[in-house]
Amino acid sequence: MIRKRFPAIRTLRISAWTTIALAWGIAIIGRQMEAPAAEETVAPEPVSTTSTVVQAETTMPTMPEDGLIVIRYTPAPPPPPIVRQVVVSGPAPSPGVSRSQGS
Amino acid sequence: MIAASFRAMGTTVQVTGRLDRDIASTRELFEEVEQCCSRFRSSSELSRINGEAATSIDISPQMGDVLQVASDIRDLTHGLVDAGLGAIVSAWGYDRSFEKISGIAEPANLKAESDWSVDGRSLTRSRGTKLDLGGIAKGWACDRAVDERGALIVNAGGDVRSASRKSQVDVMDPWGHRVARINLGVGALATSSTARRRWMTPGGEAHHLIDPRTLAPSASPIVSATVMTATAVEAEAGAKAMLLHGVDGLAWASSRPWISGALAVWADGSIYATNGIEMEAA
């Protein structure tokens, strides 16, 4: 008579322990993955830096007595200007037209 | 009409004239002025003056003329544009040609010392006063080129002086876009910007426009100021002063009889102008 190697009760027991072990493992791994995320949600204390060029809050100019022409109004900030660019020499100007971009 | 360009005083100079000799003479003039007034040439007269310990110094006729104009400009702008603040500008790192500036330490314990006067060929100044004639000398050279050297239009890095009734100037914002085409005609126009000559310090970016009231780079909401006047040296000074006046800059410019028109590019990209400016919007 061939002895049944895995009786039903034993199969059940193996399955139960396997499930418990897997659940335990998943819980540990899950906790480890959550841990850094939890740390990230705590905003680090901002490092105090003093900006040399503090741009004043955007405001409207004081109205001149003889009026103000609004050529363009863009409340959204434009892209930051190019830093450390000295002179942009564009194409040769047409006679009588110069360019002024400042220095 | 002949047009040419060359490098001088740390920028590109564009000249329009009727004859070749007008161009050549203008180029010579810029070389002479640079040799006289550059802070960055060790052989210049200005470097000699700044290096001397004496408080009373004999100066050349050309230096005397430039310093007299600088003195007038200081009065005209109530001290906002002062050539005597060279030591402060240097302390912030702008002590060499702009291309050679690298990161510097933020200066500490700055002292506002600007005490100088000029009388013909004699300069009197306090020991701590160092002169910086960069912008004034550039504008002065543009004016001399048109008044004495036959140039019709001279544009030195945004300082424009014109003797042509039909001259127009494209004003560019710091991002390289054309803001407006201004009908300049006979006169001058200059743009001063805090967005171009910038460099890094440990505390952040610095730029060359030092506010004499704070002894630090200006925090004005104006990033670029353009002013129209009769002469380039006035335009250069007017643009700087308007920028330093911040939110009141356009109102200030509008109330100055020597400024005929002004335009400002705001930090948020908005653009405003006074009524005195004749232009075609871009």
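Residues numbered from 1 in each chain as written. Chains lettered and ligands numbered in written order. Predicted model: local features only at pLDDT ≥ 70, side-chain atom pairs only at ≥ 80, totals over all residues. Heavy atoms only, no water.

**Student:** For this particular structure, what's the right way to read the overall build of chain B?
**Tutor:** Each helix and strand counted, chain B has seven helices and 18 strands in total. In chain B, which comprises 282 residues, the proportion classed as buried is 62%. For chain B, the proportion of contacts with a sequence separation of at least 24, taken over those separated by at least 6, is 60%. A total of about 10,300 Å² of accessible surface is found on chain B, and carbon and sulfur atoms cover 48% of it. (Helix = DSSP H or I, 4+ residues; strand = E, 2+ residues; numbered from the N terminus. Buried < 20%, exposed > 50% of the residue type's maximum accessible area, 1.4 Å probe, protein only. Contact = heavy atoms within 4.5 Å. Areas by Shrake-Rupley, 256 points an atom, 1.4 Å probe, with all protein chains shown as cover.)

**Student:** Explanation requested: the sheet that holds strand S4 (residues 116–119) of chain B in the structure shown.
**Tutor:** Sheet strands associate in pairs through backbone hydrogen bonding, adopting either a parallel or an antiparallel arrangement. Residue and element names in this part refer to chain B. If you walk across this open sheet you meet the three strands as S3-S5-S4, and the pairing is antiparallel. Bordering the open sheet on either side are strand S3 (56–58) and S4, each of which pairs with just one other strand. Ignoring which end each strand starts from, the neighbouring axes of this sheet average 20° apart. Of the strand pairs in this sheet, S4 and strand S5 (residues 122–125) are connected by four bridges, and their pairing is antiparallel. Paired with Val 118 across the two strands is Leu 123, which belongs to S5. (Pairing = 2+ DSSP bridges. Axes fitted to C-alpha atoms, helices over the stretch in contact; angles between N-to-C directions.)

**Student:** Would you mind going over helix H3 (residues 61–76) of chain B with me for this structure?
**Tutor:** Every α-helical turn comprises 3.6 residues, leaving residues that sit three or four positions apart pointing alike. Residues and elements named next belong to chain B. Between its terminal C-alpha atoms H3 stretches 22 Å, which fits the 22 Å expected from 16 residues at 1.5 Å a residue. Those residues of H3 that sit buried are Gln 62, Met 63, Gly 64, Val 66, Leu 67, Val 69, Ala 70, Ser 71, Ile 73 and Arg 74. Contact partners of the buried residues in H3: helix H1 (20–37), helix H2 (45–51), S4, S5, helix H5 (134–148) and helix H6 (232–244). His 78 sits one or two residues past H3 and shows a positive phi near 55°. (Expected span 1.5 Å × (residues − 1).)

**Student:** Please explain the packing of aromatic side chains as it appears in this structure.
**Tutor:** Where two aromatic rings form a pair, the distance of their centres and the angle of their planes describe that pair. Residues and elements named next belong to chain B. Considering all chains together, one arrives at three aromatic pairs over all chains under this definition. A ring pair is formed by Trp 252 and Trp 258, whose centres lie 6.1 Å apart and whose planes are at 80°; its orientation type is edge-to-face. Trp 258 matches Trp 252 in its accessibility class, with the two residues each being buried. (Phe/Tyr/Trp six-rings, centres within 6.5 Å; stacked < 30°, edge-to-face > 60°.)

**Student:** Explanation requested: the packing of H5(B) against H6(B) in the structure shown.
**Tutor:** Packed helix pairs are specified by the crossing angle of their axes together with the interaxial distance, meaning the distance between the axes. All names here are of chain B. Viewed as axis vectors pointing N to C, H5 and H6 meet at an angle of 150°, and their least axial separation amounts to 7 Å. Every residue of H6 that contacts H5 at Gly 135, Ile 136, Lys 138, Gly 139, Trp 140, Cys 142 and Asp 143 is listed here: Ala 232, Val 233, Glu 236 and Lys 240. By residue class, the composition of the contact of H5 with H6 is five nonpolar, two polar and four charged. (Nonpolar A, V, L, I, M, F, W, Y, C, P; charged D, E, K, R; others polar.)

**Student:** How should I be thinking about the environment of Ile88(B) in this particular structure?
**Tutor:** Residues and elements named next belong to chain B. Residue placement: Ile 88 occurs in helix H4 (residues 86–91). Owing to a relative accessible area of 3%, Ile 88 belongs among the buried residues under this scheme. Measuring from C-alpha to C-alpha, the distance between Ile 88 and Thr 129 comes to 9.4 Å, with 41 residues separating the pair along the chain.

**Student:** Can you help me understand unusual backbone geometry in this one?
**Tutor:** The bulk of non-glycine residues show a negative phi, and the bulk of peptide bonds are trans. Residue and element names in this part refer to chain B. A positive phi is found at Met 9, a non-glycine position, where the angle reads about 50°. You will see that His 78, though not glycine, has its phi angle at about 55°, which is positive. With respect to the secondary-structure elements, His 78 resides in the loop between H3 and H4. Using a relative accessible area of 66% as the deciding quantity, one classes His 78 as exposed.

**Student:** Even after reading the chapter, I still don't get the pattern of salt bridges, so can you show me in this structure?
**Tutor:** When the charged atoms of two side chains with opposite charge come close together, those side chains can pair. Residue and element names in this part refer to chain B. Here the structure, examined in full by the defined rule, presents 15 salt bridges over all chains. Measuring nitrogen to oxygen at the nearest pair gives 2.9 Å for the salt bridge that ties Asp 143 to Arg 161. Of the two residues, Asp 143 is situated in helix H5 and Arg 161 in strand S7 (residues 159–162); the sequence distance between them amounts to 18 residues. Arg 161 is paired through a salt bridge with Asp 147; the nearest N and O atoms lie 2.9 Å apart. One end of the pair, Arg 161, is in strand S7; the other, Asp 147, is in helix H5, and 14 residues separate them in sequence. With relative accessibility at 10%, the residue Arg 161 sits in the buried group. One salt-bridge network, held together by shared partners, links Asp 143, Arg 144, Asp 147, Glu 148 and Arg 161. (Salt bridge = Lys/Arg side-chain N within 4 Å of Asp/Glu carboxyl O.)

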